[in-house]
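Notes for the structure review
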Amino acid sequence: MAAAKVLFSGAVEGDLPGLFKKVETVNKKNGPFEALFCVGQFFGPGADTDEPNDALVAYVTGQGPIPVPTYFIGGFGAGSHAIVEALPAAKAPLKYLGRSGVTVVNGLNVAFLDGTYNHAVFTGRGEAPPPTPVCRHYTPDDVGLLKSQLKALEGEVDVLLTCEWPRGLTTGLQGELPAGYRAASSGSNIVSELVALARPRYHIAGGEQLAYARPPFSHRDLGAGQRVTRFVGLAPMAHPAKAKSLHALGLTPASALEPEALGAVPEGCTPSPFELRQAKRDQDELTAPSDFNRWSGVGPGGAAKKPRREAAAAPQAIAGRADVPRDPWSTVVVKNLPWAAGEPEIVAFFAQAGKVVNVWRGTNARDGRVQHFTHVQFEAREGAERALRLHDTDMGGRQVVVEPSTAGTAGMGRHARDAEGAGGGGGGEAVVAGKPVDGCWFCLGSVAADTELVASVGEEVYLALDKGQITAEHVLLVPIDHHPCSVALSPGCFAEVERYVSALRSLYASLGRELVAFERHLSLRNKGGNHCHINVLGVTPEAGRRAGEAFRSAAAAAGYQLEHIPAPPRGTGPDELLKQLKTAVGGPDSEYFMALLPDGSRLVRPLMRGERWPMALGREVLADLAGAPERASWKACALTPEEEAGRVERFKQLFKPYDIMAGEE
């Protein structure tokens, strides 16, 4: 079989006209080529659900010329959702390969993994990605599918395509590494595993802002001879220094080659960097003492044993810089650091991800012991994103654990809170979301609930007067089922909350008032878990204008900065708003504070491990805006049962024209 002439491109980033113009020139000069494979982000910057631009549509409909049949991964970015869905029915020679798998193109076995590694998505600690045809971040299922197909494949992998480089690619190489390449953080360990399993003849990857062709490396003989992989990393097409973004190959399918040709080892070939890494780990385990008792220093036979390492100094607390505001979006939490690692060593290690501006490690308020986790804050949020790639990498003989700073602060799904965690509570049994909780003030089936204060009951949400009203129109919006926070609600329940908010906004407008609200999500594990409730109040237009600054000032006085989330554009549905808010607060397993302002914008602050949000802050701001600061404590606003009943009846009559359930009676 003759060699297949194929082209490979780095990240296109939406510039299809530029790509095909360049390919057309190369094809006329050196072609004809039978296929073009694109790695790295194929679509431009923006949301997957954005409307595709006219140029993209033209190529799908056949109006735009495509000089060579084109196959791509990196199927995420502006307009990707609509284009990927439309391609199977299109006649254009443009095909999305898919999330992961093995396919045959012109006789070549092509394996591919789309997307990039995201710690929260891959470990299941963040919001599960919705079913979608595009793949911004791969999942364990995507990787598992590819691995199973590779194991079942009868034959060799001619080409492996990924949107990331493999971690540890340069292990064992001597001399200077390519400029801009960060050996400890560039690439993905998942991709490294796939290369070791697939043993591809060529690995073509995007994902870095540089081009690099590594010397060939050989995999050990598994019975059919050695196999050699050639790695080619391609730069984005729009690389400012015009680094190489296009690569041509003439490939004879492995199925047409003799065994001797497949096992031939070229000059300059090195051992597999991934096998070298694994060999080092195996050697470390073999040389480490297996029976050393770290408590007594004596082995089973009574003989003294050499400890694995010299005793390290106990970890020390790190105060951090008081002049740097703590920003959860540019901060990561790090565990399993070497005990001897102080601030200088931590800063030096994480400098490969970005400029570190603050490091702190607190103590447990109960016993004064140093916490087992450390916060590392970067100058830019991109630094924190890159730092997550350092998860499970080696620092001083330990595999560090790197997580988003807000991950798991609410402790959902666990039987107890992290002993050093902060926020709302101590240990206790895990609460199953949606199930009634004995003693909960907001579960309608609980004896502790003040059902007499309920003014309206929807399908999934009810509206009640606050137990200690700041004003006569101060109400709470509460899901009927026991859910911890608004971003953990089902889409239908969240949509009903938004309908109630709209109704209250109309009520307040009829009174010459503007709506202000807040939600505080703290875990409250020792109280059965937080039951979502949103405080809503009508204030004067003048107070509404200063509401944002009032929340910011109160938060700043407590040592926190609030992030402004603009009001959703007109026509934004509740499903899309819910997704935006989940992203803003770090997901339903993060504690947070959120304020809703009269213009529909929000102020949010996810809480990091070890942070304690002032319980009364939101209510104090509402009381100030209402001109009644003396009513900041709900206990100071207590009424007799008769007075409460009268207030509920008056509010029902006031709200009746706006009640979303009025037509259901």
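Within every chain, residues take consecutive numbers counted from 1 along the sequence as written. The predicted origin of the model limits local features to residues at a pLDDT of at least 70 and limits the giving and counting of side-chain atom pairs to 80 or more, whereas totals for whole chains, interfaces and linings rest on all residues. Note that the side-chain values use all heavy atoms of the structure and ignore hydrogens as well as water.

Overview of the overall build of the protein
Helix numbers and strand numbers start at the N terminus; a helix is a DSSP run of H or I with at least 4 residues, a strand a run of E with at least 2. Scanning the protein for helices and strands turns up 16 helices and 27 strands. Burial analysis of the protein (665 residues in total) assigns 49% to the buried set. Computed with the Shrake-Rupley method and a 1.4 Å probe, the accessible areas treat only the protein chains shown as cover for residues. For the protein, the accessible area works out to roughly 30,600 Å², and carbon and sulfur atoms hold 52% of it. Three exposure classes are used, based on accessible area relative to the maximum for each residue type with a 1.4 Å probe and protein chains only: buried under 20%, partly exposed in between, and exposed over 50%.

Focus on the pattern of salt bridges
Salt bridges are defined by distance alone: a side-chain nitrogen of Lys or Arg within 4 Å of a carboxyl oxygen of Asp or Glu. All told, the structure shown has 20 salt bridges when counted by the stated rule. Between Glu24 and Lys28 there is a salt bridge; the shortest N-O distance is 3.6 Å. Of this pair, Glu24 and Lys28 both sit in helix 1 (residues 16-30), four residues apart, which is roughly one turn of the helix. Residues Arg321 and Asp323 are paired through a salt bridge, measuring 2.8 Å at the closest nitrogen-oxygen approach. Looking at Arg321, the relative accessible area reads 39%, which means it is partly exposed. What makes Asp323 exposed here is its relative accessible area of 55%. Salt bridges sharing partners connect three or more residues here, namely Asp327, Arg381 and Glu563.

Structural notes on the sheet that holds strand 27 (residues 602-606)
On the basis of which strands lie adjacent, the open sheet formed by eight strands has the order 20-21-22-24-23-26-27-25 and antiparallel pairing. Lying at the two open borders of the sheet, with one neighbouring strand each, are strand 20 (454-457) and strand 25 (563-565). Along the sheet, successive strands turn relative to each other by an average axial angle of 20 degrees, direction set aside. Each pair of strands is called paired provided DSSP finds at least two bridges between the two strands. With three bridges joining them, strand 22 (residues 475-479) and strand 24 (residues 534-539) adopt antiparallel strand pairing. Residue Leu477 lies in a different strand from strand 24, and its bridge partner there is Ile534. Those strands touched by helix 14 (residues 574-585) are strand 25, strand 26 (592-596) and strand 27, and its axis lies near 40 degrees from that of strand 27. Every axis in this analysis is a line fitted to C-alpha atoms, fitted for helices over the stretch in contact. Angles between the N-to-C directions lie between 0 and 180 degrees. We call two residues in contact whenever any of their non-hydrogen atoms come within 4.5 Å of each other.

A few points about the sheet that holds strand 1 (residues 4-9)
With mixed pairing, five strands are arranged side by side in an open sheet as 4-3-2-1-12. If you trace the sheet from one side to the other, it starts and ends with strand 4 (94-96) and strand 12 (246-251), each paired once. Direction aside, neighbouring strands of the sheet carry axes that sit 20 degrees apart on average. Pairing geometry for strand 3 (residues 70-72) and strand 4, over three bridges, is parallel. Following the sheet pairing, Tyr71 is matched in strand 4 by Lys95.

Describing the pairing of strand 1
Burial within strand 1 is extensive, with five of its six residues counted as buried. Across six bridges, strand 1 lies against strand 12 in antiparallel orientation. Of the residues in strand 12, the one forming a bridge with Phe8 is His247. Note that strand 1 and strand 2 (residues 35-38) share four bridges and pair parallel. Bridge pairing links Leu7 to Leu36 in strand 2. Here a crossover is taken to be right-handed if, once the strands point away from the viewer, the path from the first strand over the helix to the second is traced clockwise. A crossover links strand 1 with its parallel partner strand 2, the connecting element being helix 1, and its sense is right-handed.

Some words on the confidence of the model for the protein
When pLDDT is averaged across the protein, the result is 86; 88% of the residues are at 70 or more. Segment residues 304-312 is flagged for pLDDT under 50; beyond a separation of four residues in sequence, or across chains, it makes 14 contacts in the model. Within the model, the stretch residues 412-432 combines pLDDT values under 50 with 61 contacts to residues more than four positions away or in other chains. Per-residue confidence from the predictor is reported as pLDDT, which spans 0 to 100.

Here's the deal with helix 13 (residues 547-557)
Every buried residue belonging to helix 13 is among Ala547, Gly548, Ala550, Phe551 and Ala555, and all of these are buried. Projected onto a plane normal to the axis of helix 13, the buried residues spread over an arc of 165 degrees and lie on a single side. Contact partners of the buried residues in helix 13: strand 23 (514-521), helix 12 (541-545), strand 26, strand 27 and helix 15 (617-625). Arc, as used here, means the arc of the directions from the helix axis to the C-beta atoms.

Some details on the environment of Leu622
Counting through the fold element by element, Leu622 comes out in helix 15. Not counting residues within four places of it along the chain, the set of residues in contact with Leu622 comprises Ile470, Val516, Phe518, Asn535, Leu537 and Phe551.

Remarks on the packing of helix 5 (residues 140-152) against helix 6 (residues 189-198)
Axis separation between helix 5 and helix 6 bottoms out at 10 Å; the angle between their running directions is 10 degrees. Relative to helix 6, the element helix 5 lies roughly parallel. For the pair formed by helix 5 and helix 6, the contact residues are Val143, Leu146, Lys147, Leu150 and Lys151 on the first element and Ile190, Glu193, Leu194, Leu197 and Ala198 on the second. Tallied by class, residues from the contact of helix 5 with helix 6 come to seven nonpolar, no polar and three charged. Roughly parallel refers to an angle under 35 degrees, roughly antiparallel to one over 145, roughly perpendicular to one between 65 and 115, and oblique to any angle outside these ranges. Under the convention adopted here, Pro, Cys and the residues Ala, Val, Leu, Ile, Met, Phe, Trp and Tyr are nonpolar, Asp, Glu, Lys and Arg are charged, and Gly plus all remaining residues are polar.

Side note on empty space enclosed by the protein
Using only the protein atoms, space was sampled on a 1 Å grid; points where a 1.4 Å probe fits but cannot get out form cavities, open sets with protein on both sides within 12 Å along at least five of seven lines form pockets, and lining residues are those with an atom within 4 Å of a point. Grid points are joined across faces, edges and corners, and a volume is the space filled by probe spheres set on the points. All told, the structure shown has two cavities of 30 Å³ or more when counted by the stated rule. Computed from the structure, the largest cavity encloses a volume of approximately 140 Å³. Lining the largest cavity are 14 residues, with Glu519, Ile534, Met594, Leu596 and Arg602 positioned closest to its centre. Taken together, the elements giving at least two residues each to the lining of the largest cavity come down to helix 11 (491-510), strand 23 and strand 26. With four residues, helix 11 is the largest single contributor of residues to the lining of the largest cavity. Partitioned by chemical class, the residues of the lining of the largest cavity number ten nonpolar, one polar and three charged. Here the second largest cavity is characterised by a volume of approximately 50 Å³. Class assignment of the residues belonging to the lining of the second largest cavity gives a composition of three nonpolar, one polar and four charged.

A closer look at the side chain of Glu644
Position of Glu644 among the secondary structure elements: in helix 16 (residues 641-655). Each polar contact in these results corresponds to two N or O atoms within 3.5 Å; when the atoms are within protein, one needs to be able to donate a hydrogen and the other to accept it, and residues that are neighboring in sequence are counted only if both atoms are side-chain atoms. A polar contact is formed between the side chain of Glu644 and the side chain of Lys467, at a distance of 3.1 Å. Those residues in contact with Glu644, other than ones at most four positions away along the chain, are Leu453, Lys467 and Leu639.

With respect to the packing of helix 11 against helix 14
Their axes nearest at 9 Å, the elements helix 11 and helix 14 cross at an angle of 100 degrees. Judged on the interaxial angle alone, helix 14 and helix 11 are roughly perpendicular. Seen from helix 11, the contacting residues are Pro491, Phe494, Ala495 and Glu498; seen from helix 14, they are Pro574, Asp575, Leu577, Leu578 and Leu581. For the contact of helix 11 with helix 14, a count of residues per class yields seven nonpolar, no polar and two charged.

Examining unusual backbone geometry
With an omega dihedral of 5 degrees, the bond running from Gly31 to Pro32 counts as a cis peptide bond. Of note, Pro32 is situated in the loop between helix 1 and strand 2. With a phi angle near 70 degrees, Asp392 is a residue other than glycine that sits in the positive phi range. Positionally, Asp392 belongs in the loop between helix 10 (381-387) and strand 17 (394-395).

Here we look at the nonpolar core
Nonpolar side chains in soluble globular proteins generally cluster together in the buried interior. Leu19, Leu36, Phe42, Phe72, Tyr138 and Trp165 are the most contacted members of the largest nonpolar core, which has 52 residues in total. Mapped by element, the contributors of at least two residues to this core are helix 1, strand 2, helix 2 (54-61), helix 3 (80-86), strand 4, strand 6 (108-113), helix 5 and helix 6. With sequence-adjacent residues up to four places away left out, Phe42 is seen in contact with Val12, Glu13, Gly14, Leu16, Leu19, Phe72, Ile73, Gly74 and Leu94. In this text, buried Ala, Val, Leu, Ile, Met, Phe, Trp, Tyr and Cys residues form a nonpolar core when linked through side-chain atoms within 4.5 Å. Ranked by size, the runner-up nonpolar core spans 48 residues in total, among them Phe442, Ala503, Met594 and Leu596.

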